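Fold and geometry: a report
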Amino acid sequence: MKHLSVTKAEAFIAQALHANHVPLVDAKLVAQLMIQSDLVGADGHGIFRLPAYIKRIRAGGINLSPHIQIEREQGATALINGDNALGHLVMNRAVDVAIEKVKQHSVCWVGSHYGNHSGAASVYVRKLAEQGYIGIYMAVGNANHMAPWGGIDLLLSTNPIAIAVPAGDKPIVLLDIATTVAAYGKVKLAAQKGESIPDTWMIDRYGQPITDPQKSSEGSLLPIGGYKGYGLAVMIGLLAGALNNAAVGKGTIDFNAHHDLITNTGQTIIAVDPSAFGDQEQFVARVIALVDDLKASSKLPGVNQIRVPGDGAAKVMAERLAHGIPISSELQESLNNCAKECGIAALDL
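Attention in this report is confined to the structure presented alongside it. Note that the coordinates shown come from a computational prediction; the quantities given were computed from them, not determined experimentally. (Residues numbered from 1 in each chain as written. Predicted model: local features only at pLDDT ≥ 70, side-chain atom pairs only at ≥ 80, totals over all residues. Heavy atoms only, no water.)

Describing helix 3 (residues 50–59)
Since the α-helix advances by 3.6 residues per turn, residues separated by three or four positions end up pointing in the same direction. Of all the residues in helix 3, the buried ones are Leu 50, Pro 51, Tyr 53, Ile 54, Arg 56 and Ile 57. Of the surrounding secondary structure, the elements contacted by the buried residues of helix 3 are helix 1 (6–19), helix 2 (24–39), helix 4 (87–105) and helix 10 (329–342). Gly 60, located one to two residues past helix 3, shows a positive phi value of around 85 degrees. (Buried < 20%, exposed > 50% of the residue type's maximum accessible area, 1.4 Å probe, protein only. Helix = DSSP H or I, 4+ residues; strand = E, 2+ residues; numbered from the N terminus. Contact = heavy atoms within 4.5 Å.)

Written out as structure tokens, the structure reads:
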């Protein structure tokens, strides 16, 4: 496994996007946001996705001159029309609007439609938590990979949810999960590396486990917690999809299969100012106290450490900022093929 510095990774992505007529300012911003996924270990959502994004751009599935705007606005709410822009640009605007509104109202709800895949959910709630706000994010995934509980028709996506809570100078307490046992990006990564997947990730149309990621199109991802994960996916679909007049259910477009079609991706971000409920410093102190209690609690035999949400991401981020982003030989080959198509220099690792 070789490593790529953050600086080189961002430059490579920006060059590839710009070579495909993405305005340079937008290309640099998207590159920065894409790498934020890699920095926290969400490898299926970062630079790995670049070839797929380029395919959509070349097929005409992305608007490179979008007019991202607030389509509806009422009090502490807003609906953003992403105009089929690169998803990172849409969500970056959504976060900016959320920050403006939370400063004014102490709480806000910002929805978006006509967006696209925008990387790991944690990227956007982290931006809020870094400014002292609580952030909540929900989205309808860009392809249906999950059947309803007890069914076989693929009518739901991985529909992620992320929640970030500021903790002062301590690591942000941050949960970022798909509503399926594994995100589909992990299945794609395993397929790229020629690896098998655990038998708890997917089942076929007869309810039997799938361990070959090359056969993922033949089955369904399993929800977390059985029927509870299915229920959570449904509710996120309603709040991030149906509420925003975005694609959900049968209307969801598989962006892996249809590079030229508009996905109308729906996303929602909620921001809360803790100071609306009391002293901000006292709130942070209570957050840290709970985290410390959890980590200091008695452990089961064989357990060396109790972690809280966000610990793993903080550790990975520190490592990758220092040593770079790990790039497998398979990923390097994919990115260099993309570079050749784009007419830019190959990755120098």
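Here the narrative resumes, following the displayed structure.
Section: the pairing of strand 6 (residues 161–165)
With 4 of its 5 residues buried, strand 6 lies for the most part within the structure. Looking at chain direction, strand 6 and strand 7 (residues 173–177) are connected through 5 bridges and run antiparallel. Bridging from a neighbouring strand, Ile 161 pairs with Ile 177 of strand 7. (Pairing = 2+ DSSP bridges.)

Side note on a nonpolar patch on the surface
On the surface, a cluster of nonpolar side chains totalling about 360 Å² of accessible area is made up of Met 235, Leu 238, Leu 239 and Leu 243. Residue placement: Met 235 occurs in helix 7 (residues 227–242). By relative accessible area, Met 235 is classed as partly exposed at 47%. (Patch = residues over 30% accessible without salt bridge, like charges linked within 9 Å, V, L, I, M, F, W, Y side chains within 5 Å. Areas by Shrake-Rupley, 256 points an atom, 1.4 Å probe, with all protein chains shown as cover. Salt bridge = Lys/Arg side-chain N within 4 Å of Asp/Glu carboxyl O.)

Digging into the pattern of salt bridges
Taken as a whole and assessed by the stated rule, the structure comprises 3 salt bridges. As a salt-bridge pair, Asp 43 and Arg 320 come within 2.6 Å of each other at their nearest N and O atoms. Taken as a pair, Asp 43 in the loop between helix 2 and helix 3 and Arg 320 in helix 9 (residues 311–323) lie far apart in primary sequence, 277 residues in all. Judged by relative accessible area, which is 11%, Arg 320 ranks as buried.

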